[in-house]
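Listed below are the residues making up each chain.
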Amino acid sequence: MGAKNVTIRFKTGHFTTGVFTLALLGSTALGAMTAHAADQEISWIYCGDKIDPIHEKYIKEWEGKNAGWKIAPEVVGWEQCQDKATTLAAAGTPVGMAYVGSRTLKEFAQNDLIIPVPMTEDEKKSYYPNIVDTVTFEDNQWGVPIAFSTKALYWNKDLFKAAGLDPETPPKTWAEEIAFARQIKEKTGTAGYGLPAKTFDNTMHQFMHWVYTNNGKVIDGDKIVIDSPEVLAALQAYKDITPYSVEGATAYEQNEIRAIFLDGKVGMIQAGSGAAARLKDTKINWGVAALPLGTSAKGEGTLLITDSLAIFKGTGVEEKAAEFAKYITSTDIQHEYELQGGAGLTPLRPGAVVDEFVAKEPYWKPFIDGIAYGGPEPLFTDYKGFQNTMIEMVQSVVTGKAEPADALKKAAADLEQYK
């Protein structure tokens, strides 16, 4: 029987996994290896410390409606869960489904490890704009979104006032954001902005929010388009705001920057909805608004990050697993799961429940408004290679080792090998 080598390189929203190069047995052997699997059981690698009570509740409900079928979740910590799903799939003993970062779906699919989970037009329309793009390539959907996050701008009103700025008026443009950061730094001696540039996945994420607030793109189909005026302007803005940001940006990732904001020691940051839940327990006088826009922006934007349920091949329960994945992520269940607060999630779909929640907690509005002109995490065959290239580009500019135009050209050339 023939064997093929599959190399998997992954980076998810929560952790880094390793590089796997495993020999896969031929299809006959694969069938023999998986035939022993329980026909009526759907195994689920569930990332985290415990199963969310909302999911526990609806797993039982689904099992009650589907006699003879059982969902078998295995709780695996964030640092190991995608490692485990990948290793099992590549070894020919896949789980029924797993929680994965949507950015990895292209690589899973190209290695023939997962099945597509197509959406009907009505299903696509049920999501906020551009969400479906995060799981789509070659005109097909390869995962079912289960978690979603966006970002907004937080500002410290007391620091604004101390710097002579209107505490009720956040910046609306990059130019204002840079000017406000400078004024805070010069008038108060406190950092005006928190720019993370650590060797960490969210350094790339944070920069992509600037790309999508200036109508930029990294890749269009299979064409690298990062070397554009829109993205160059974003990288130049990074350079311009760095002198007024937290010192030593390469030492911090976004949650560490958030902690500095929670201590009242930085004027502005971009962060998810989870920061609002934490700020309620502080004495910080804060506000939240849409991310400021570059001159090429068409409207409020943000990076759209989703995690998804991927359905693995070779289990014999693929059809039923896809059915369950769509059930557990259906509108009413998702709203109940997403709107608990504190987890930093943004609703995947609009609805009356979301409208009521936003009316009660107005700080949610900018996280939703940015979706319309937001963009997905770029899908690359080697996602970690893409990510590392972006981090290197950002770090070279904020440390002064490269000018934005030169750093961008280098990144564009380097990305060709990863697409």
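Above this text sits the structure in question.
Everything numeric in this text was worked out from a predicted model, so none of it was measured.

### With respect to the pairing of strand β14 (residues 286–289)
Successive side chains on a regular strand alternate, one facing one side of the sheet and the next facing the other.
Here is step 1: Of the two faces of β14, the one carrying Trp286 and Val288 and the one carrying Gly287 and Ala289 are both buried.
Here is step 2: Where strand β9 (residues 152–156) and β14 come together, four bridges link them in antiparallel fashion. Note on β14: the bridge partner recorded for Leu153 is Ala289.

### Focus: the packing of helix α2 (residues 53–65) against helix α13 (residues 331–338)
Here is step 1: Contact pair α2 / α13: the axes reach a minimum separation of 9 Å and the direction vectors enclose 155 degrees. Considering the angle they form, α2 stands roughly antiparallel to α13. From α2, Ile54, His55, Lys57 and Tyr58 reach across to α13, where they touch Ile333, Glu336 and Tyr337.
Here is step 2: Class assignment for the residues of the contact of α2 with α13 results in four nonpolar, one polar and two charged.

### Notes on the side chain of Ser149
Here is step 1: You can see Ser149 is positioned in strand β8 (residues 144–149).
Here is step 2: Those residues in contact with Ser149 that lie beyond four places of it in its chain are Leu303, Leu304, Ile305, Gly344 and Thr346.

### Re the layout of surface pockets
Here is step 1: Size it by volume and the second largest pocket reaches roughly 720 Å³.
Here is step 2: Lining of the second largest pocket is provided by 29 residues; of these, Lys217, Ile219, Asp220, Gly221 and Pro376 occupy positions nearest its centre.
Here is step 3: For the lining of the second largest pocket, the secondary structure elements donating two or more residues are α4 (105–110), β6 (136–137), β11 (219–220) and β16 (375–376).
Here is step 4: When its residues are assigned to classes, the lining of the second largest pocket shows ten nonpolar, ten polar and nine charged.

### Concerning the state of the cysteines
As used in these notes, a disulfide is a covalent bond between sulfur atoms, one from each of two cysteines.
Here is step 1: Tallied over the full model, the rule gives one disulfide.
Here is step 2: Between the sulfur atoms of Cys47 and its disulfide partner Cys81 the distance amounts to 2.0 Å. Across the disulfide from Cys47 to Cys81, rotation about the S-S bond amounts to roughly 90 degrees, and the bridge is consequently right-handed. Residue Cys47 is found in strand β3 (residues 41–47), and its partner Cys81 is found in helix α3 (residues 78–90); the two are separated by 34 residues along the sequence. Each member of the pair Cys47 and Cys81 is classed as buried.

### Some points on the packing of aromatic side chains
To describe a pair of aromatic rings, one takes the distance between the centres and the angle between the planes.
Here is step 1: Using the criterion set out here, one finds 21 aromatic pairs in the structure.
Here is step 2: Taking the centre distance of 5.2 Å and the plane angle of 40 degrees together, the rings of Trp174 and Trp210 count as tilted. With Trp174 in helix α7 (residues 174–188) and Trp210 in helix α8 (residues 201–211), this residue pair connects regions lying 36 residues apart in the sequence. An identical accessibility class is assigned to Trp174 and Trp210; each is buried.
Here is step 3: Taken together, a centroid distance of 5.4 Å and an interplanar angle of 85 degrees make the contact between Phe357 and Trp364 edge-to-face.
Here is step 4: Using a relative accessible area of 21% as the deciding quantity, one classes Phe357 as partly exposed.

### A look at the environment of Tyr383
Here is step 1: Tracing the sequence through the fold places Tyr383 in helix α16 (residues 383–398).
Here is step 2: Given a relative accessible area of 0%, Tyr383 falls into the buried group.
Here is step 3: As a C-alpha pair, Tyr383 and Lys419 span 36 residues in sequence and 8.3 Å in three-dimensional space.
Here is step 4: A polar contact is formed between the side chain of Tyr383 and the side chain of Glu377, at a distance of 3.0 Å.

### Comments concerning unusual backbone geometry
Here is step 1: Positive phi, normally seen in glycine, also occurs at Asp112, with a value near 60 degrees.
Here is step 2: Relative to the elements of secondary structure, Asp112 occurs in the loop between α4 and α5 (121–126).
Here is step 3: Even without glycine at this site, Asp139 takes up a positive phi of about 60 degrees.
Here is step 4: Along the chain, the position of Asp139 falls in the loop between β6 and β7 (140–141).
Here is step 5: Judged by its relative accessible area of 75%, Asp139 is exposed.

### Observations concerning empty space enclosed by the protein
Here is step 1: Per the counting criterion, the structure on display carries two cavities of 30 Å³ or more.
Here is step 2: Size it by volume and the largest cavity reaches roughly 40 Å³.
Here is step 3: What lines the largest cavity is simply Trp174, Glu177, His209, Trp210, Thr213, Gln270, Leu291 and Pro292.
Here is step 4: The residue inventory of the lining of the largest cavity, partitioned by class, reads four nonpolar, three polar and one charged.

### Quick notes on the pattern of salt bridges
For side chains bearing opposite charge, pairing can occur when the charged atoms are close.
Here is step 1: According to the stated counting rule, one finds 21 salt bridges in the structure shown.
Here is step 2: Arg103 is the salt-bridge partner of Glu377, the closest N and O atoms lying 2.6 Å from each other. Of the two residues, Glu377 sits in the loop between β16 and α16 while Arg103 sits in the loop between β5 (97–101) and α4, which places them 274 residues apart along the sequence. Across this residue pair, the class does not change: Glu377 and Arg103 are buried.
Here is step 3: The closest approach of N and O atoms between Glu256 and Lys198, which form a salt bridge, is 3.2 Å. A residue pair is termed long-range when its members are at least 10 positions apart, and Glu256 in helix α10 (residues 254–262) and Lys198 in the loop between β10 (191–193) and α8 qualify at 58 residues.
Here is step 4: Classification of Glu256 by relative accessible area gives partly exposed; the value is 29%.
Here is step 5: The exposure class assigned to Lys198 is partly exposed, which follows from its relative accessible area of 25%.
Here is step 6: Three or more residues joined by partner-sharing salt bridges are found here, namely Glu392, Lys410 and Asp414.

What counts and how
Residues numbered from 1 in each chain as written. Predicted model: local features only at pLDDT ≥ 70, side-chain atom pairs only at ≥ 80, totals over all residues. Heavy atoms only, no water. Buried < 20%, exposed > 50% of the residue type's maximum accessible area, 1.4 Å probe, protein only. Helix = DSSP H or I, 4+ residues; strand = E, 2+ residues; numbered from the N terminus. Pairing = 2+ DSSP bridges. Axes fitted to C-alpha atoms, helices over the stretch in contact; angles between N-to-C directions. Parallel < 35°, antiparallel > 145°, perpendicular 65-115°, else oblique. Contact = heavy atoms within 4.5 Å. Nonpolar A, V, L, I, M, F, W, Y, C, P; charged D, E, K, R; others polar. 1 Å grid on protein atoms, 1.4 Å probe; cavity = no way out; pocket = protein on both sides within 12 Å on 5 of 7 lines; lining within 4 Å. Points joined across faces, edges and corners; volume = space filled by probe spheres on them. Disulfide = S-S within 2.5 Å. Phe/Tyr/Trp six-rings, centres within 6.5 Å; stacked < 30°, edge-to-face > 60°. Polar contact = N/O pair within 3.5 Å; in protein donor to acceptor, adjacent residues only side chain to side chain. Salt bridge = Lys/Arg side-chain N within 4 Å of Asp/Glu carboxyl O.

No statement about biological role is implied by the geometric values presented.
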